[in-house]
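Chain and residue survey
The residues making up each chain are set out below.
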Amino acid sequence: MEHVNINEKFLRYLKRSHTGEGKAVQSKCLEMKFQMSGRKIRDIVNALRCEGHPICSDDGGYYYAANRNEVLGSIRQLNSRIEKIAEAKDGLVKSLSLFPDSNSNKQLQIWFVCVKEG
């Protein structure tokens, strides 16, 4: 019997049943079908995207891309989320001035250097 891991099953299912934006499936439906949490669904989607699979998402849910424009739409959505997360992080860095600590400036300088070099 062929052994197929859950990521492969998930990918096959999306390709077969949910290709194209018009066939998007909500996370709740995937959670029920695969008997797993929303967090696990997001982890699988992230892993598949990192491997280069065109798994897209929008307000309608997740779907396997049918064309380039669908992939570009998901890329724009992710870029927007990255920008919002960066803004939140910057706000938290600013808030550190409310909590003076003799080591905090040194730690922040090291962190910023690592991020710029990384």
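The structure displayed is predicted, hence computed values, not measured ones.

Let us now look at the side chain of S57. Secondary-structure assignment places S57 in strand β1 (residues 55-58). Every residue in contact with S57, bar those within four places of it in the chain, is listed here: R49, Y62, Y63, S74 and Q77.

Looking now at the packing of helix α1 (residues 6-17) against helix α3 (residues 38-50). Following both chains from N to C, one finds α1 and α3 inclined at 80 degrees, their axes separated by 10 Å at the closest point. By the angle class used here, α1 and α3 are roughly perpendicular. Along its contact with α1, which presents I6, N7, F10 and L11, the element α3 presents I41, I44, V45, A47 and L48. Residues belonging to the contact of α1 with α3 are distributed by class as follows: eight nonpolar, one polar and no charged.

Turning our attention to the nonpolar core. Judged by nonpolar contacts, the single largest core of 15 residues is most densely connected at F10, L30, I41 and I55. Elements represented by at least two residues in this core include exactly α1, α2 (27-34), α3 and β2 (61-64).

Regular strands have side chains that alternate between both faces of the sheet. Pairing between β1 and β2: four bridges, direction antiparallel. Directly across from I55, in β2, lies its bridge partner Y64. Connecting β1 to the antiparallel partner β2 that follows it, the hairpin turn spans two residues.

Before going further, it helps to spend a moment on α3. Note on helix geometry: an α-helix contains 3.6 residues per turn, so any two residues three or four positions apart are oriented the same way. When the terminal C-alpha atoms of α3 are compared, their 18 Å separation across 13 residues agrees well with the 18 Å that a helix rising 1.5 Å per residue should span. Lining the buried residues of α3 we find α1, α2, β1 and β2. Two residues or fewer after α3 comes G52, characterised by a positive phi angle close to 100 degrees.

Okay, the side chain of E31 next. By the secondary structure assignment, E31 is in helix α2. With residues up to four places along the chain from it excluded, the contact list for E31 reads M36, S37, G38 and I41.

For the rest of this paragraph, the subject is the layout of surface pockets. Of the pockets and cavities examined, the largest pocket occupies roughly 280 Å³. Forming the boundary of the largest pocket are 13 residues, of which R42, R49, S57, Y62 and R81 lie nearest the centre. Broken down by secondary-structure element, the contributors of at least two residues to the lining of the largest pocket are α3, β1, β2 and α4 (68-95). The element contributing the most residues to the lining of the largest pocket is α3, with six residues. The residue inventory of the lining of the largest pocket, partitioned by class, reads three nonpolar, four polar and six charged.

Definitions and limits used
Residues numbered from 1 in each chain as written. Predicted model: local features only at pLDDT ≥ 70, side-chain atom pairs only at ≥ 80, totals over all residues. Heavy atoms only, no water. Helix = DSSP H or I, 4+ residues; strand = E, 2+ residues; numbered from the N terminus. Contact = heavy atoms within 4.5 Å. Axes fitted to C-alpha atoms, helices over the stretch in contact; angles between N-to-C directions. Parallel < 35°, antiparallel > 145°, perpendicular 65-115°, else oblique. Nonpolar A, V, L, I, M, F, W, Y, C, P; charged D, E, K, R; others polar. Core = buried A, V, L, I, M, F, W, Y, C linked by side-chain atoms within 4.5 Å. Buried < 20%, exposed > 50% of the residue type's maximum accessible area, 1.4 Å probe, protein only. Pairing = 2+ DSSP bridges. Expected span 1.5 Å × (residues − 1). 1 Å grid on protein atoms, 1.4 Å probe; cavity = no way out; pocket = protein on both sides within 12 Å on 5 of 7 lines; lining within 4 Å. Points joined across faces, edges and corners; volume = space filled by probe spheres on them.

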